[in-house]
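Understanding the architecture of this molecule
Listed here are the chains, written in short residue letters.
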Amino acid sequence: MCTVVVRVDPGSAWPVTMLALRDESPDRPWDPPAAWWPERDPGIRGVRDRSAGGAWLAASDEAGLAVVLNRGEDVPTADGTWATRGIVPLDAVGGVLPGHDGTLPTTRAFNLVRATAAGAEVLAWDGERVRTSELGPGVHMVTHGEPDDPAAPRIGRWLEAFRGVEPPTGPPVLGPFDELRTADAGDDAGDGWSGWFGLLAESAVLPADDPDAILRDAHERDGHFATLSIVAAAVGPGRTVLQHARLTEPGRLDGSVELHHA
């Protein structure tokens with residue numbers, strides 16, 4: 001399932017920076033970030049799921065960004081159908097958070113990472129209730145369970161490593177693949193992202209079906225999921241910056257970028 005790394009520094013010029021990796025079925029069609037939902041707000045842009053019309057990640061300059069990750073809990077329904085989780089990020093950047101009015105979501109279980117210039121939080125829908133966890137100052141990691149849970153394989157393996165390097169404090173100036181090349185060469189583009197991208201390159205030595213792998217290609221309970229794209233983002237007052245890259249080969253960096261130290 002998806003992976004999100006978040007740095008929170010309230011009061012700074014860019015209070016939130018984020019590295020997000022999208023895991024989805026390689027057979028499910030999707031589109032890179034653009035303003036796909038003008039009927040909602042022409043200022044909203046995001047990664048669109050063509051099948052259901054929703055978003056994995058949605059952002060706007062004024063509202064920050066929101067990204068949805070699947071959770072594993074079963075959510076029973078009367079007719080065996082659910083609304084798409086892709087509406088959740090779109091609603092969030094439109095000002096409507098799950099559970100805001102006491103009603104429960106009609107989707108399968110999810111984590112929603114919501115980032116604004118005021119900070120970041122995770123809203124978790126587990127099939128019973130919506131819970132909100134504020135992400136305090138520092139670096140956090142979110143996957144398919146609780147934020148920063150060391151029992152989750154990727155978090156247990158990598159969270160302290162991400163906390164141990166200098167985090168990015170502003171927008172990425174390069175796309176993710178160029179950031180990876182720069183970090184792999186031992187350089188920095190001057191934007192402070194080399195620490196995080198260096199760790200992402202380091203993680204690529206693991207087999208894509210290893211439970212600790214950040215770049216994934218595995219058959220899960222709900223089907224075949226692989227890492228399809230990478231987003232590096234920064235949220236500040238009145239501005240949200242995204243850099244996005246689609247992996248040429250799902251779950252693998254070596255089909256898209258040559259890494260010499262990973």
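This text follows the structure it describes.
The paragraphs below set out a description of the structure included in this document. Just so it is clear, the model here is predicted, and its values are computed rather than measured. (Residues numbered from 1 in each chain as written. Predicted model: local features only at pLDDT ≥ 70, side-chain atom pairs only at ≥ 80, totals over all residues. Heavy atoms only, no water.)

1. Here's the deal with the overall build of the chain
To be explicit about the condition: By the criteria applied, helices consist of DSSP H or I runs no shorter than four residues and strands consist of E runs no shorter than two, each listed in order from the N terminus. Categorising residues by exposure relies on relative accessible area from a 1.4 Å probe, with only protein chains included: less than 20% of the type maximum marks a residue as buried, more than 50% marks it as exposed, and the intermediate range marks it as partly exposed. Here, two residues are considered to be in contact whenever any of their heavy atoms come within 4.5 Å of each other. Residue burial considers only the protein chains on display, and all accessible areas are found by Shrake-Rupley using a 1.4 Å probe. Residues scored as charged are limited to Lys and Arg (positive) and Asp and Glu (negative), so that His and the chain ends carry no count. To locate a charge, the coordinates of NZ of Lys, CZ of Arg, CG of Asp or CD of Glu are taken.
When helices and strands are tallied, the chain shows 4 helices and 13 strands. Dimensions of the chain along its principal axes, counting C-alpha atoms only, are 55 × 40 × 35 Å. For the chain, the residues scored as buried account for 50% of the 262 residues in total. Expressed as a percentage of contacts within the chain between residues at least 6 apart in sequence, the contacts between residues at least 24 apart total 58%. Summed over all atoms, the accessible surface of the chain reaches about 11000 Å², with 48% contributed by carbon and sulfur. Mean positive and mean negative side-chain charge positions of the chain (22 and 40 charges, respectively) differ by 4 Å.

2. Considering the layout of surface pockets
What counts is decided by this rule: Grid points spaced at 1 Å and placed over the protein atoms alone form the basis of the search, with a cavity being a set where a 1.4 Å probe fits but cannot get out and a pocket an open set showing protein on both sides within 12 Å along at least five of seven lines. Lining residues have an atom within 4 Å of a point. Grid points are joined across faces, edges and corners, and a volume is the space filled by probe spheres set on the points. Side-chain classes follow a simple rule in which Ala, Val, Leu, Ile, Met, Phe, Trp, Tyr, Cys and Pro form the nonpolar group, Asp, Glu, Lys and Arg form the charged group, and the remainder, Gly included, forms the polar group.
Space inside the largest pocket adds up to approximately 520 Å³. Lining the largest pocket are 23 residues, with Glu 24, Arg 28, Asp 49, Asn 70 and Arg 85 sitting closest to its centre. At the level of elements, strand E2 (16-24), strand E5 (55-60), strand E6 (64-70) and strand E12 (223-236) are the ones that each hand at least two residues to the lining of the largest pocket. Across the lining of the largest pocket, the residue classes tally to 8 nonpolar, 7 polar and 8 charged. When its volume is computed, the second largest pocket comes out at roughly 270 Å³. Looking at the second largest pocket, it is lined by 13 residues, and the ones nearest its centre are Met 1, His 144, Arg 154, Arg 216 and Glu 220.

3. Regarding helix H2 (residues 153-163)
Put simply, the test is: Our arc is simply the arc of the directions from the helix axis toward the C-beta atoms.
Those residues of H2 that fall on the buried side of the exposure criterion are Arg 154, Ile 155, Trp 158, Leu 159 and Phe 162. All buried residues of H2 project into a common sector of 120° when viewed along the axis, lining one side. Where the residues of H2 are buried, they touch strand E1 (3-8), E2, strand E10 (138-142) and helix H4 (194-203).

4. Remarks on the packing of helix H3 (residues 176-184) against H4
Heads up, the condition is: Angles here are taken between N-to-C directions and fall from 0 to 180 degrees, while the axes themselves are lines fitted to C-alpha atoms, restricted in helices to the stretch in contact. For classification purposes, angles smaller than 35 degrees are called roughly parallel, those larger than 145 roughly antiparallel, those between 65 and 115 roughly perpendicular, and all remaining angles oblique.
H4 packs onto H3 with a crossing angle of 85° between their chain directions and a minimal axis gap of 8 Å. When the axis of H3 is compared with that of H4, the two are roughly perpendicular. Each of Pro 176, Glu 179, Leu 180 and Ala 183 in H3 lies in contact with H4, whose residues at this interface are Ser 194, Phe 197, Gly 198, Leu 200 and Ala 201. Class assignment for the residues of the contact of H3 with H4 results in 6 nonpolar, 2 polar and 1 charged.

5. Some points on the pairing of strand E8 (residues 119-125)
The condition is simple: Strands pair, by our definition, only if DSSP identifies at least two bridges between them.
Summarising burial for E8: 6 of the 7 residues are buried, a large majority. For strand E7 (residues 110-116) and E8, the ladder comprises 7 bridges, and the chain directions are antiparallel. Bridging from a neighbouring strand, Phe 110 pairs with Trp 125 of E8. Connecting E7 to the antiparallel partner E8 that follows it, the hairpin turn spans 2 residues. Across 6 bridges, the pairing between E8 and strand E9 (residues 130-135) is antiparallel. By the bridge assignment for E9, Ala 124 is matched with Arg 131. Between E8 and E9, which follow one another and run antiparallel, lie 4 residues, and Gly 127 among them has a positive phi close to 95°.

6. Looking at H4
The buried count for H4 comes to 7 of 10 residues, which makes it a mostly enclosed element. Along H4, the residues that are buried comprise Gly 195, Trp 196, Phe 197, Leu 199, Leu 200, Ala 201 and Ser 203. Next to the buried residues of H4 lie E1, E2, E10, H2, H3 and E12.

7. As for the pattern of salt bridges
For clarity, the cut-off: Salt bridges, as used here, are contacts in which a Lys or Arg side-chain nitrogen is within 4 Å of a carboxyl oxygen on Asp or Glu.
Evaluated as defined, the whole model comprises 19 salt bridges. Put simply, Arg 50 and Asp 31 hold a salt bridge, and the shortest N to O gap is 2.8 Å. Taken as a pair, Arg 50 in the loop between strand E4 (45-49) and E5 and Asp 31 in strand E3 (residues 30-34) lie far apart in primary sequence, 19 residues in all. Looking at Arg 50, the relative accessible area reads 48%, which means it is partly exposed. Among the residues examined, Asp 31 registers a relative accessible area of 7% and is labelled buried. In this structure, Arg 252 and Glu 249 form a salt bridge, with 3.5 Å as the shortest nitrogen-oxygen distance. Looking at Arg 252, the relative accessible area reads 39%, which means it is partly exposed. Through salt bridges with shared partners, a single ionic network connects Arg 71, Glu 73, Asp 126, Arg 131 and Glu 146.

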